[in-house]
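Geometric and topological summary
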Amino acid sequence: MGLLITAEVYLIRHKEKRKHMDNFTNKLRILTQTDNKYLELFNSANLPDLELTENNEDADIILAAPPVLAECLDEFINVSWVQSTYAGVDPLMKEGLRQDYDLTNVKGIFGQQISEYVLGYTISHFRHFETYKKQQQDKIWKPHRYSTLAEKKMIILGTGALGNYLAGSAKALNIHTIGVNRTGIPPKDSSFTEVVHIEQLSLRLVEADVIVSTLPSTPKTEGMFDTNFFSHCQKALFFNVGRGNSVVTQALLDALEQENIEHAFLDVFINEPISQQCPYWHNPKVTVTPHIAAYSFPEQVFEIFKENYLLWRDGFQLKHQIDFDKGY
């Protein structure tokens, strides 16, 4: 269970249904935080052989936000395919939840947003924009020396579509980007200055001015950013726009105190929202944002769903399919 199926098996799975397609209508259930917007998009799409249902038992296709669906997944006894409205599908990976359906997520729509988040905060930090904002309140005229981003080094953990887009955006500002993955092989149409194997990471961290995690949540990434990781850093900025459970909280707080990390920009956390007692709130070296670095805009998500639905209807392999064994 959980392995990606081959194109041949996928076609066989749909063969019998296609024989009766003239008399068959697929039933779609929408479960998101913005159902009305998705209903509006559905009504204007005129997708063939597809109608909406409010009955969970009737649905064979679900367009859903993973946290919403995880609460009622067992009610969908006929589901064949779930299209996530998020890139992350962690809530559907929890132990005990069924995995007897095809699951796809959304990709290729978050690069611009993540780049704006990372580069926006990076520019603000090195150009002292927050300092000048505070000085203005106190009517203080005091210039501060700054450095541009040219020739700074940014390590990006994860060389998928998101990381590669960020590398391309950073390149426009003359930033040297080092991609890190488990093969050391650059992605297709790579925008990275260089790509290194994960085993080389500790040797390169000392060079980094900026470190960005775009990694998914998997058993291998859980707790990855620990004391050993941060011990190799030297006053770098640290961004986590991947998954919260990759960071060991105390290790990061110690790294900030010891100045291995100069500032941490955190958009994802183990528990969201974080508690009122979380030490991140009051640490001046931590910027907390409420999981807003990249938003799943319904218009973009629905375009992915439409393309996938037509593939699914005709018995072809879905795009952006999740491997349950890997978790991404």
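The rules behind these values
Residues numbered from 1 in each chain as written. Predicted model: local features only at pLDDT ≥ 70, side-chain atom pairs only at ≥ 80, totals over all residues. Heavy atoms only, no water. Core = buried A, V, L, I, M, F, W, Y, C linked by side-chain atoms within 4.5 Å. Buried < 20%, exposed > 50% of the residue type's maximum accessible area, 1.4 Å probe, protein only. Helix = DSSP H or I, 4+ residues; strand = E, 2+ residues; numbered from the N terminus. Pairing = 2+ DSSP bridges. Axes fitted to C-alpha atoms, helices over the stretch in contact; angles between N-to-C directions. Contact = heavy atoms within 4.5 Å. Salt bridge = Lys/Arg side-chain N within 4 Å of Asp/Glu carboxyl O. Parallel < 35°, antiparallel > 145°, perpendicular 65-115°, else oblique. Left-handed = near helix turned anticlockwise from the far one by under 90°. Nonpolar A, V, L, I, M, F, W, Y, C, P; charged D, E, K, R; others polar. pLDDT = per-residue confidence, 0-100. Arc of directions from axis to C-beta.

**Details of the nonpolar core**
Counting residues in each nonpolar core, the largest one holds 43 residues, and the members touching the most others are Met154, Phe302 and Phe305. If you tally residues by element for this core, the top one is helix 10 (residues 298-313), at six residues.

**Topic: the sheet that holds strand 9 (residues 210-213)**
Strand order in the open sheet made by the seven strands is 8-7-6-9-10-11-12, with parallel pairing throughout. Only two strands of the sheet have a single neighbouring strand rather than two, namely strand 8 (194-197) and strand 12 (286-288). The sheet shows a mean angle of 15° between the axes of neighbouring strands, direction not considered. Strand direction decides the pairing type here: strand 7 (residues 176-181) and strand 8, joined by four bridges, are parallel. Across the sheet, the residue bridging to Val180 is Val196, located in strand 8. Strands in contact with helix 4 (residues 111-126) are strand 6 (153-157), strand 9, strand 10 (236-240), strand 11 (261-266) and strand 12; relative to strand 10, the strand with the most contacts, it is inclined by about 155°. Along the sheet face, helix 6 (residues 161-171) touches strand 6, strand 7 and strand 9 and points at about 170° away from the line of strand 6.

**Examining the pattern of salt bridges**
Between side chains of opposite charge, pairing is possible as soon as their charged atoms come close. For the structure on display, the rule yields 14 salt bridges. For Glu194, the salt bridge is made with Arg204, and the minimal N-O distance between the two is 2.8 Å. One end of the pair, Glu194, is in strand 8; the other, Arg204, is in helix 7 (residues 201-204), with ten residues separating them in the sequence. Look at the salt bridges and you will find they share partners, linking Lys153, Glu194, Arg204 and Glu207 into a network.

**Focus on the packing of helix 2 (residues 35-45) against helix 10**
Their axes nearest at 10 Å, the elements helix 2 and helix 10 cross at an angle of 45°. In terms of their interaxial angle, helix 2 and helix 10 are classed as oblique. Two packed elements cross with a definite hand, and for helix 2 against helix 10 that hand is right-handed. For the pair formed by helix 2 and helix 10, the contact residues are Lys37, Tyr38, Leu41, Phe42 and Ala45 on the first element and Pro298, Glu299, Val301, Phe302 and Lys306 on the second. For the contact of helix 2 with helix 10, the residue count by class is seven nonpolar, no polar and three charged.

**Section: the confidence of the model for the protein chain**
Summary statistics for the protein chain give a mean pLDDT of 93 and a share of 93% for residues scoring 70 or more. Every residue in residues 1-5 scores below 50 in pLDDT, and together they form 15 contacts with partners more than four places removed in sequence or on other chains. Counted against residues more than four places away or in other chains, residues 15-22, with its pLDDT under 50, gives seven contacts.

**Re the packing of helix 4 against helix 6**
Running from N to C, helix 4 and helix 6 cross one another at 55°; their axes reach a closest spacing of 9 Å. Relative to helix 6, helix 4 is oriented oblique. Relative to helix 6, helix 4 is oriented so that their crossing is right-handed. Residue-level inspection shows Gly111, Gln112, Ile114, Ser115, Val118 and Leu119 of helix 4 in contact with helix 6, the latter providing Leu162, Tyr165, Leu166, Ser169 and Ala170. Of the residues that constitute the contact of helix 4 with helix 6, the class distribution is seven nonpolar, four polar and no charged.

**Some thoughts on helix 6**
Burial in helix 6 covers these residues: Gly163, Asn164, Leu166, Ala167 and Ala170. All buried residues of helix 6 lie within an arc of 160° about the axis, which places them on one face of the element. Check the buried side of helix 6 and you find it contacts helix 4, strand 6, strand 7 and strand 9.

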